[in-house]
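Each chain is listed here by its residues.
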Amino acid sequence: MITQHNDEDNSPAPPTRLVRVTQAAEILAISRSRCYELIARKLLPSVRLHGSVRVSVRQLEEYVRKLERDAKDEAPQCLPANREASEKEEGR
C-alpha cells in the first residue's frame, strides 16, 4: 500500500486507496496509454470518481499477483537430462 506523510507533523497519513491512472501506470512500470488499454479491456478494474478514472491500490496488487501466478504457470519445467547424453559428455 502507498503511504504518505502529513507535512505538518510528519505523522503517517492514511494509506492511499485510489490512485490516478498515471500513478497506476508508474507502479506497474508501463505507459499511461497501456494502463488505459488494460482498463478498457477489463483486465485492470477501475472506478470513476467525479468523472475521473481511478484504480484501487488493492486491485493493482491483485493484478500483479495474477501476473506472477500466470508467469509461474507458464515457466518451462526443467526436464531431467538425458542420462545417455550426459554419460557420453562425461566420458563414461
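These remarks concern the structure in this document. This one's a predicted model, so the numbers in the text were calculated from it and none came from an experiment.

Okay, the sheet that holds strand 1 (residues 18–20) next. Strands in a sheet are paired, the pairing made by backbone hydrogen bonds, and the direction either parallel or antiparallel. One open sheet holds the three strands; their spatial order is 1-3-2, and the pairing between them is antiparallel. Each edge of the open sheet carries a strand with a single partner, namely strand 1 and strand 2 (47–49). Across this sheet, the average inter-strand angle for adjacent strands is 50°, counted without regard to direction. Of the pairings in the sheet, the one linking strand 1 to strand 3 (residues 52–56) comprises three bridges and is antiparallel in character. Bridge pairing in strand 3 links Arg20 to Arg54. Contacts from helix 3 (residues 57–74) reach strand 1 and strand 3, with the element oriented near 55° to strand 3.

Val19, Ala24, Cys35, Ile39, Leu44, Val55 and Leu60 are the most contacted members of the largest nonpolar core, which has 14 residues in total. For this core, the secondary-structure elements that each account for two or more residues are helix 1 (21–28), helix 2 (32–40), strand 3 and helix 3. With sequence-adjacent residues up to four places away left out, Ala24 is seen in contact with Val19, Cys35, Val55 and Leu60.

A word on helix 3. Between its first and last C-alpha, helix 3 extends 26 Å over 18 residues, near the 26 Å set by a 1.5 Å rise per residue. Within helix 3, burial applies to Val57, Leu60 and Tyr63. For helix 3, the buried positions fall inside an angular range of 120° around the axis, keeping them on one side. Projecting away from the buried face of helix 3 at angles above 90 degrees are the exposed residues Arg58, Lys72 and Asp73. Looking at the buried residues of helix 3, the elements they touch are strand 1, helix 1, helix 2 and strand 3.

Here we take up helix 2. All of the buried residues in helix 2 are Cys35, Leu38 and Ile39. An end-on view of helix 2 places all buried positions within 100° of arc, on one side of the element. Of the exposed residues in helix 2, the ones pointing more than 90 degrees away from its buried face are Ser33 and Ala40. Close packing links the buried residues of helix 2 with helix 1, strand 3 and helix 3. Within two residues after helix 2, Lys42 carries a phi angle of roughly 65°, on the positive side.

Cut-offs and rules
Sequence order as written defines residue numbering, which begins from 1 separately in each chain. Only residues with pLDDT of 70 or above have their local features reported here, since the model is predicted, and side-chain atom pairs are shown and tallied only from 80 upward, although totals for entire chains, interfaces and linings are computed over all residues. Each side-chain value is derived from all of the structure's non-hydrogen atoms; neither hydrogens nor water enter the calculation. Each pair of strands is called paired provided DSSP finds at least two bridges between the two strands. The helix and strand labels rest on DSSP assignments: H or I over at least four residues marks a helix, E over at least two residues marks a strand, and numbering proceeds from the N terminus. Comment: axis = line fitted to C-alpha atoms, over the contacting stretch for helices; angle = value between 0 and 180 degrees taken between N-to-C directions. Whether two residues are in contact is decided by their heavy atoms, any of which lying within 4.5 Å being enough. Grouping buried Ala, Val, Leu, Ile, Met, Phe, Trp, Tyr and Cys residues that are joined through side-chain atoms within 4.5 Å yields what is termed a nonpolar core. The buried label applies to any residue whose accessible area, calculated with a 1.4 Å probe on protein chains only, is under 20% of its type's maximum; exposed applies above 50%, and partly exposed to all values in between. The span you would expect from a helix comes to 1.5 Å times its residue count less one. Directions are taken from the helix axis to each C-beta atom, and the arc is the one they span.

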